[in-house]
Amino acid sequence: MGRKLLLDKAHIEGIRYYDTYRSNGGYAAAEKALKTMGPEAVVEEVKKSGLRGRGGAGFPTGLKWSFIAKPEGVPRYLVCNADESEPGTFKDRYLMEFIPHLLIEGLLISSFALGANSAYIYIRGEYAWIPDILEQAIAEAKNKGWLGKNIQGTGFDLEIYVQRGAGAYICGEETALLESLEGKRGNPRIKPPFPAVKGLWGCPTVVNNVETIAAVVPIVNIGGDEYIKFGIGKSTGTKLISACGNINKPGVYEIEMNISVEEFIYSDEYCGGIKGGKRLKACIPGGSSVPVLPANLLLKTAKGETRMMTYESLNDGGFATGSMLGSGGFIVMDEDQCIVRNTLTFARFYHHESCGQCSPCREGTGWMKKVLHNIEYGKGKMSDIDLLWDIQRKIEGNTICPLGDAAAWPVAAAIRHFRDEFEWHVKHPDEALTRNFGLAHY
Ligand code: NAI
Ligand code: SF4
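Calculation notes
Residues numbered from 1 in each chain as written. Chains lettered and ligands numbered in written order. Predicted model: local features only at pLDDT ≥ 70, side-chain atom pairs only at ≥ 80, totals over all residues. Heavy atoms only, no water. Helix = DSSP H or I, 4+ residues; strand = E, 2+ residues; numbered from the N terminus. Buried < 20%, exposed > 50% of the residue type's maximum accessible area, 1.4 Å probe, protein only. 1 Å grid on protein atoms, 1.4 Å probe; cavity = no way out; pocket = protein on both sides within 12 Å on 5 of 7 lines; lining within 4 Å. Points joined across faces, edges and corners; volume = space filled by probe spheres on them. Nonpolar A, V, L, I, M, F, W, Y, C, P; charged D, E, K, R; others polar. Near = heavy atom within 4 Å. Expected span 1.5 Å × (residues − 1). Contact = heavy atoms within 4.5 Å. Pairing = 2+ DSSP bridges.

(A) Representation of unusual backbone geometry within the structure. Of note, the bond from lysine 191 into proline 192 is cis; its omega dihedral lies within 30 degrees of zero at -10°. Tracing the backbone through its elements, the reader meets proline 192 in the loop between α8 (174-181) and β4 (205-209). Here tyrosine 27, not a glycine, exhibits a phi torsion of approximately 65°, which is positive. Looking at the secondary structure, you find tyrosine 27 in the loop between α1 (18-23) and α2 (28-37). One non-glycine residue with positive phi stands out, namely asparagine 150, at about 50°. Note that asparagine 150 resides in the loop between α7 (130-143) and β3 (159-164). Overall, asparagine 150 belongs to the partly exposed group, its relative accessible area being 42%.

Next up, the structure:
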């Protein structure tokens, strides 16, 4: 059994509530951080742990914290990005729903480390029932002296506010989120300046994902040196993976970052294999924004090495033969799935969610959607495949925020690895919608 650091107590009845959380070791890390460590030591421990941002980008958390500007008399903010909207990703929801005090405790320790006296949880609008759970946990923590003024007599003050989003995917992009939090339309800002220098209301702000903030609790509890033993290389600690698609056991799993992709898919501890005994065709390992991998490149890298559930291994070979761990949204496809149809589904999504500020994204996503629609619905030409390739190339790297890249990469990977399927659609316009796709990608 893999060891757990975040969800080890999630099964305990009543863990959602303060008394049970506290009697099972909750707030011990906060006590240690506030009473015996001090802010700099917490930052050092997080740096030592090698914790990388769990929202998708994998940026080193300790480094991000150390970038925060500290001008005299200017407030600093911590913003928790709970706008989990990446298709295939639902791990933060699980954490907030079942063990909300872990997030509150993480926010307390992280705010203390950063010198922030206000923290915000910006939560996805569709998670309609979770703000009440968070508000209750905040009220309980405040009642027990873990929030508010002079926390546990240490002189540190913190208030946590919950803000609901209104259903826009783009508000998960950190600067769009900040705009939205300020009450404006959620349009991404040009970076730099990064939020660590100029963030919420122009003040230094750290934006961290829910899982990243929660991971600070075990790091303080066991120390950075112990934390790195849960992973390999620069992929330290544990990672929450939300697994879905054609598998026997969809759900949220906490893995040590030292297991293989094959073990994750086929072992009974995790996905339990492909549903109905079918063959594995492909997988998007890190949420819809990352490239799809055919089965032969998913289990082994192009060099023939075992593909591991780590940042480095999943990216081995770059996007030519690799992908990304991203947000851990693990979408498995069996032999019956149609790659063209899947790619069209994602293209529709990105077109709908584009904020429209930059033309390559605004126009390009719509154009890709139309061309993919034609191919899928039997109205495509062979030249459309090259046209699609061309459009995605013109989007990538030419936009304000990563949504443009996120829309381009899945299209590029689908054509790169499954070009024969696109061609088949063009050659068989009458059958394209009804055929299952086994093909030769094993
Ligand atoms: P990014 O790589 O631009 O930034 C990562 C973080 O590091 C940001 O907080 C940024 O402010 C900070 N940073 C980077 N360089 C810095 C510097 N020089 N100084 C100070 N701070 C610096 O990536 P971004 O835009 O934060 O995230 C993109 C990823 O998000 C995608 O790869 C995708 O996997 C993921 N994503 C996740 C979603 C979810 O629902 N969890 C939804 C959509 C995308
Ligand atoms: Fe908006 Fe797309 Fe430009 Fe991002 S890339 S700022 S979503 S138009």
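That covers the picture; the talk isn't over yet.
(B) Broad picture of the layout of surface pockets. Volume-wise, the second largest pocket comes out at about 210 Å³. As for the second largest pocket, its lining consists of 18 residues, and the residues nearest its centre are Leu5, Asp8, Lys9, Val217 and Asn221. For the lining of the second largest pocket, the secondary structure elements donating two or more residues are α6 (100-114) and α9 (210-222). When its residues are assigned to classes, the lining of the second largest pocket shows 10 nonpolar, four polar and four charged.

(C) Looking closely at the site of ligand 2. Ligand 2 sits among 13 residues. The nearest are Cys355, Cys358, Cys361, Thr399 and Cys401. Tallied by class, residues from the shell around ligand 2 come to eight nonpolar, five polar and no charged.

(D) View of helix α16 (residues 359-376). Taking 1.5 Å per residue, 18 residues should reach 26 Å; α16 reaches 25 Å between its end C-alpha atoms and fits that length. For α16, the elements touching its buried residues are α15 (339-353), α17 (382-395) and α18 (403-427).

(E) Local environment of the side chain of serine 313. Within the element layout of this structure, serine 313 appears in helix α13 (residues 311-314). If sequence neighbours within four positions are ignored, serine 313 has contacts with Thr301, Thr306, Arg307 and Met308.

(F) Structural view of the sheet that holds strand β7 (residues 280-284). In space, the five strands of this open sheet follow the order β6-β5-β9-β7-β8, with mixed pairing throughout. The sheet is open, and its two edges are formed by β6 (251-256) and β8 (293-294), each paired on a single side. Bridge count between β7 and strand β9 (residues 329-334): four bridges; the pairing is antiparallel. By the bridge assignment, leucine 280 is partnered in β9 with aspartate 334.

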